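Understanding the architecture of this molecule
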Amino acid sequence: MSEQETNQQENLMQKLGVSEEDMERYREMIAFVETCLDRPRVRQSHRPYKYDRFTHTKRVLSWTLRLYEAWENKARVNLDSLIVATIFHDSAYCVCEDLSEHAQVGAKLTGEYLYSIGYPQEQITEICDLVGNHSRKDLMHDGAISDSLVILMEADYLDDMGAQGIVMDVWYEAMDNPDCSFESIRDHFIKYTLCQQHENRAMLRSEAALRFWDEKTALVEKFVAEYTRDLEWPM
């Protein structure tokens, strides 16, 4: 994420009422999580493109702030807890052999960090619950789920989709198909990109997230339609 994008993120935080003191605390947390994720196992892979969990985390934080800004009942959300949980949600990718356990391991790492800087135990419990359950997408339509967990899970979903998903699917096709071509990329878009964009909408819950998702879907549909048109033969 560029300096300009970071500034935009912080400007949105200020707009939402985050103090400079809290902002500095979040910067320190972000720097801590970056050191957690800045390891070969996470930053490097056999894939011929760069994708790392830290930049994903910062993008998810942006989606969290956008969703919170549009949230109708802000009184049901502790913004500080939500921001901290978002910063830490994937922090354990650096230590897990089994990535299906990263949420629970991340909750433990988060609790230890927050305890070390003096967070109250009640809030630590809340934040760790958010981190520990953020991958439990089966809970999304559970009536008992907290608004904060809905926002965190929806923000996580919104990343890597839409325009970004188009770019990533080009990467995947180029990586997996030695005969990659304009036509094979078109077929990948139709088979995977569009299908995921349509099918995964059901995983979202809030009006704000659905609105963002529909904007992404419209962009993907338009791009794929125009791309397909550009590949048409005249006869």
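As a starting point, this report considers the structure included with it. (Residues numbered from 1 in each chain as written. Predicted model: local features only at pLDDT ≥ 70, side-chain atom pairs only at ≥ 80, totals over all residues. Heavy atoms only, no water.)

Some thoughts on the environment of Lys74
Looking at the secondary structure, you find Lys74 in the loop between helix H4 (53-70) and helix H5 (79-88). Judged by its relative accessible area of 30%, Lys74 is partly exposed. With 75 residues separating them in the primary sequence, Lys74 and Leu149 have C-alpha atoms 13 Å apart. When sequence neighbours within four positions are dropped, the list of residues in contact with Lys74 reads Tyr68 and Glu69. (Helix = DSSP H or I, 4+ residues; strand = E, 2+ residues; numbered from the N terminus. Buried < 20%, exposed > 50% of the residue type's maximum accessible area, 1.4 Å probe, protein only. Contact = heavy atoms within 4.5 Å.)

Some remarks on unusual backbone geometry
The bulk of non-glycine residues show a negative phi, and the bulk of peptide bonds are trans. Its identity is not glycine, yet Asp160 carries a phi of approximately 70°, on the positive side. Look at Asp160 and you get buried, because its relative accessible area is 17%.

Describing the packing of aromatic side chains
According to the stated counting rule, one finds seven aromatic pairs in the structure shown. Judged by centre distance (4.6 Å) and plane angle (35°), the ring pair of Phe32 and Tyr113 falls under tilted. Here Phe32 is found in helix H2 (residues 20-37), whereas its partner Tyr113 is found in helix H6 (residues 102-116), with 81 residues between them in sequence. We classify Phe32 as partly exposed; its relative accessible area is 28%. Tyr113 gets classed as buried once you look at its relative accessible area, which sits at 13%. Considering the side-chain rings of Trp63 and Phe212, the 5.1 Å spacing of their centres and the 75° angle between planes classify their relative orientation as edge-to-face. Taken together, the positions of Trp63 in helix H4 and Phe212 in helix H11 (residues 207-230) put the pair 149 residues apart, joining distant regions of the chain. One exposure class covers both Trp63 and Phe212, and it is buried. Among the aromatic side chains, those forming a connected cluster through ring pairs are Phe32, Phe88 and Tyr113. (Phe/Tyr/Trp six-rings, centres within 6.5 Å; stacked < 30°, edge-to-face > 60°.)

Remarks on the pattern of salt bridges
Scanning the model with the defined rule gives 17 salt bridges in all. When the shortest N-O distance is used, the salt bridge between Arg27 and Glu10 registers 2.9 Å. Placement of the pair is Arg27 in helix H2 and Glu10 in helix H1 (residues 3-15), with a sequence separation of 17 residues. Across the pair Asp156 and Lys137 runs a salt bridge whose closest N-O atoms are separated by 3.8 Å. Placement of Asp156 in helix H8 (residues 147-158) and of Lys137 in the loop between helix H7 (121-133) and H8 is noted, with a sequence separation of 19 residues between them. Taken individually, Asp156 and Lys137 each receive the classification buried, so the pair is uniform in this respect. (Salt bridge = Lys/Arg side-chain N within 4 Å of Asp/Glu carboxyl O.)

Read these as spatial facts, not as claims about activity.
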